[in-house]
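As a plain string of letters, each chain reads:
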Amino acid sequence: MSATSVTLSIEGMSCASCVGRVDRGLAALEGVSDVSVNLAAETARFAVDDPARIPKAVGALQALGYPARQASVTLSVEGMSCASCVGRVERALATVPGVLDVAVNLAAETATVTYAEAAVTPAELAAAATRVGYPAHVARAEEVAGQGDRKAEEARALTRQTLLAAALTLPVFVVEMGGHLFPVLHHWVDATVGRQTSWLLQFLLTTLVLAGPGRMFYARGLPALLKGAPDMNSLVAVGTLAAWGYSTVATFLPGLLPDALRAVYFEAAAVIVVLILLGRTLEARARGRTGAAIRSLVGLQARTARVLRDGQPEDIETDALQPGDLLLVRPGERIAADGEVAEGHSAVDESMLTGEPIPAAKEAGDPVTGGTVNGTGSLQVRVTRTGADTTLAQIIRMVQEAQGAKLPIQGLVDRITLWFVPVVMGLALLTVLVWLVFGPDPALTMALIAGVSVLIIACPCAMGLATPTSIMVGTGRAAELGVLFRKGDALQALDGVRVVALDKTGTVTEGRPELTEIETTGGFGRVRVLTLAAAVEAHSEHPVAQAILRVQRSDVPLPAMTDFASETGYGVRGRVEGAEVKVGAARYMAREGIDIGALTDRAEALEQRGRTVLYVAIDGQAAALIGVSDPVKPASRAAIAALKARGLDVALITGDRRATALAIAAETGIDHVVADVLPDGKVAALEELRKRGPVAFVGDGINDAPALASADVGIAIGTGTDVAISSADVVLMSGDLRGVVNAVEVSARTMRNIRQNLFWAFAYNAALIPVAAGVLYPATGLLLSPMLAAGAMALSSVFVLTNALRLRRIAPALDERAAPGGETPLSVSTPEVTP
């Protein structure tokens, strides 16, 4: 084997010692020679005796700390019709020097290739697929949105071809099959037109069908067969040509056949083409619906934006937007880009991100997302992110990557289809030989029928469509439910998860303290106490101070305050309306000599429930006890119950103190608690939980990054404003645990759908190939007609596609109005009862 020269673009080299390290590391690899490292160009050139060694070289560079730059490209591939086509394209691309990974998707008609930069270009990759008979080009972004239109046009073209083929075939079918069913018709044709003339007309019409609408099978199938790599088109081509060729000999060279064997099967060849064209028409229509989610997401992108320039509105294309531009968004308009409200207030429909039906209130300083819809107010929005950096663009990119992924379960299909078509052709040949040797007269005719039936019925279309169509529809529906599978294999991995571990703060709980209880002592009213406490806390930046301010009645103005003082670890004080007000912990009250004995029992009860207890003193007298907690999100209890109902163990992992964690666990129904752990301790906790089975970890994607990366499936929960969480496998756009239940539901339903499809595809072939070969003939006299074989083959693919499309109807696992599962912040509306 001749050596292959490879050039890799290297990161991290800064000096001659780096060059030497890279040089020695590559030279030490088996099969690598002629290493030349260039610091200025940041490249490494070397020769390998086998292109399969290139990924090992890339791995060695990674281990050395000088990774080869990698890139990914999606190719649009034409002409793929079955699993054999997929395998052929994958092998052609995988053998290109520099290619590290290939995933070909039959349903989407794409190939996603990861390659080493400088080793190969996207154009060379497209050329590699084109050389093996599958024209390819680099997919453009607009092709995604237009795929449905392209599929619709393909379906219309196939419909025209099918109708033409059917019109030409109908006379042939009626004359030949009608003559078998109704002998009087057979005799009438012989007496009027004549058998020879009838056969000549059948030859003419059938030849038009094969050379016209059926030409695609021969243009693709015969070259593949001659190259020793037959595909589904090859099976159809060989089967129909065999029937047509035998009939042609019987028509024009009758002397070559005994009288007993002189018959024509033009109708079989023509009807096979019609039925397979019909199947492909239905496939094209169904495939066009598999990408509906992507098209709907693309459709959410605004095409124009109204920008304020020197105070005057100006309509421009969204592609021309720049960070810092000021947008004018009128009521009912779609926001053109990610940004921050600079002026105005409104309610924005963010359901396309979060799935929440209730619009979110927005005012100055609040973030907004491109693609969401403004409500009744007018907003001025300062652009922060545009183009490919926007949240919506990242969502589309993630969904595309997930839809193009290859799941581990697909490996079984790949291994089978690698040899499937050649084996089928061998079985067809064996079937013909067995019938010729052991079959009854007319043996040649029976052998032809059985051989053609085997070829036709065994087309592996359904195998190739079984997995990718389910992935496309399932991940698309997941995106509509606010669940983004960043990594396609997470779709399968999540179905195998047995334990779901939850972070507490921001995941199970709201992530910010809220005032949940207030109890006053005799002589003090709740509103009065809160008003005075809020007046003091308004000068503090502590989160607890913000919790008190959030429940202060807006119709009760804060009085003026003087002599403010803050003592870290204790509390704050100030003078309000002539009264000295102190707010702080028990130790603060004790140091100041304030008796809180009347509130002690209640304080202990609240602390056992995980509350942080503060006290308010007015003029040296204990006035109130305040309970502050990080409240459980309203949907957490229902979501956790739903996960447990699905047979999953649920655990809580938190850095918070154990008493608080146990209180949250009791409130939400969690059975297993790991508390007082640092971020790296969460990883150790996951290892312990993994003894029960594969583990999914749900966190906020920031301080939980190590645990997200360590888990079998990392699920980042957020509000949809930062979807590029690199450590997570799954990203939830909604801010609560309902998204986890939806993710588990989509994963389970999609994997079940894939297994159904694979079972149907394999069982169909396993059951019907022997029937087509004639195993039932000795006992029943049944021999499958090639026309019935073609119909069954077409229906198998349509069944797989239709079954996958059922995933579009997956409903949210929990209703958006899931029953509240936690504490609600205190709303102080009680009238003043004591002055």
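Residues numbered from 1 in each chain as written. Predicted model: local features only at pLDDT ≥ 70, side-chain atom pairs only at ≥ 80, totals over all residues. Heavy atoms only, no water.

Draft legend 1. Structural view of the pairing of strand β9 (residues 312-317). Here six bridges tie strand β8 (residues 304-309) to β9, and the two strands are oriented antiparallel to one another. What sits directly across from T304, in β9, is E317. The antiparallel hairpin formed by β8 and β9 contains two residues in its connecting segment, where D310 sits at a positive phi of about 55°. (Pairing = 2+ DSSP bridges. Helix = DSSP H or I, 4+ residues; strand = E, 2+ residues; numbered from the N terminus.)

Draft legend 2. Spotlight on helix α4 (residues 122-131). Of all the residues in α4, the buried ones are L125, A126, A128 and A129. Around the axis of α4, the buried residues are gathered within 155° of arc, so they sit on the same side. In this structure, α4 carries A123 and R131 as exposed residues pointing more than 90 degrees from its buried face. Of the surrounding elements, those touching the buried residues of α4 are β4 (70-77), α3 (83-94), β5 (99-105), β6 (110-116) and β7 (136-138). Immediately downstream of α4, the backbone of G133 shows phi near 100°, a positive value. (Buried < 20%, exposed > 50% of the residue type's maximum accessible area, 1.4 Å probe, protein only. Arc of directions from axis to C-beta. Contact = heavy atoms within 4.5 Å.)

Draft legend 3. Quick look at the UniProt feature "transmembrane region" (unreviewed entry) in the protein. Under the feature "transmembrane region" (unreviewed entry), the UniProt entry names residues 163-185, 197-214, 235-257, 263-282, 416-438, 444-467, 758-777 and 783-805. The span residues 758-777 carries 85% helix and 0% strand; its end-to-end C-alpha distance comes to 28 Å. (UniProt positions renumbered as here; feature names shortened; annotations may be inferred.)

Draft legend 4. Focus on the packing of aromatic side chains. Scanning all chains against the criterion turns up six aromatic pairs. Centre to centre, the rings of Y570 and Y588 are 6.4 Å apart; their planes meet at 65°, and the pair counts as edge-to-face. Remark: Y588 occurs in helix α21 (residues 586-591) and Y570 occurs in the loop between β20 (561-567) and β21 (571-576); sequence separation between them is 18 residues. Assessed through its relative accessible area of 33%, Y570 is described here as partly exposed. Ring centres of W760 and F799 lie 4.5 Å apart, and the angle between their planes is 35°; on these two criteria the pair is classed as tilted. Separated by 39 residues along the polypeptide, W760 in helix α27 (residues 738-773) and F799 in helix α29 (residues 786-805) bring together distant segments of the chain. Owing to a relative accessible area of 33%, W760 belongs among the partly exposed residues under this scheme. (Phe/Tyr/Trp six-rings, centres within 6.5 Å; stacked < 30°, edge-to-face > 60°.)

Draft legend 5. Examining the pattern of salt bridges more closely. Inspection of the entire model under this criterion finds 30 salt bridges. Notably, a salt bridge pairs R309 with E314, separated by 4.0 Å at the nearest N-O pair. Within the structure, one salt-bridge network assembled from shared partners comprises E567, R573, E580, K582, R591 and E592. (Salt bridge = Lys/Arg side-chain N within 4 Å of Asp/Glu carboxyl O.)

Draft legend 6. Representation of the side chain of S453 within the structure. Turning to its location among the elements, S453 is positioned in helix α15 (residues 443-457). For S453, a relative accessible area of 0% corresponds to the buried category. Excluding its chain neighbours within four sequence positions, the residues that come into contact with S453 are A772, L784, S785, P786 and A789.

Draft legend 7. Main features of the environment of L29. Following the sequence through the fold, L29 ends up in the loop between α1 (16-27) and β2 (32-38). Along the backbone, L29 and K56 are 27 residues apart, and their C-alpha atoms lie at a distance of 8.4 Å. Those residues in contact with L29 that lie beyond four places of it in its chain are K56, A57 and A60.

Draft legend 8. Up close: the side chain of S9. Here S9 is to be found in strand β1 (residues 4-9). A polar atom in the side chain of S9 sits 2.6 Å from the side chain of R69. Residues contacting S9, with those up to four places away along its chain left out, are E42, P67, A68, R69, E117 and A118. (Polar contact = N/O pair within 3.5 Å; in protein donor to acceptor, adjacent residues only side chain to side chain.)

Draft legend 9. Structural detail: the packing of α3 against α4. Axis separation between α3 and α4 bottoms out at 9 Å; the angle between their running directions is 135°. Taken together, the axes of α3 and α4 are oblique relative to one another. In the packing of α3 onto α4, the handedness of the crossing is right-handed. Within the contact between the two elements, α3 uses V89, A92 and L93 and α4 uses L125, A128 and A129. Along the lines of polarity and charge, the residues of the contact of α3 with α4 split into six nonpolar, no polar and no charged. (Axes fitted to C-alpha atoms, helices over the stretch in contact; angles between N-to-C directions. Parallel < 35°, antiparallel > 145°, perpendicular 65-115°, else oblique. Left-handed = near helix turned anticlockwise from the far one by under 90°. Nonpolar A, V, L, I, M, F, W, Y, C, P; charged D, E, K, R; others polar.)

Draft legend 10. Quick look at the sheet that holds strand β19 (residues 514-520). Ordered in space as β19-β24-β23-β22-β21-β20, the six strands form an open sheet in which the pairing is antiparallel. Each of the sheet's edge strands pairs with one partner strand only, and the pair in question is β19 and β20. Strand-to-strand, the axes of this sheet are offset by a mean angle of 20°, without reference to chain direction. Most of the contacts of helix α20 (residues 543-550) go to β19, to which it runs at about 70°, and overall it touches β19, β22 (579-584), β23 (612-618) and β24 (621-629).

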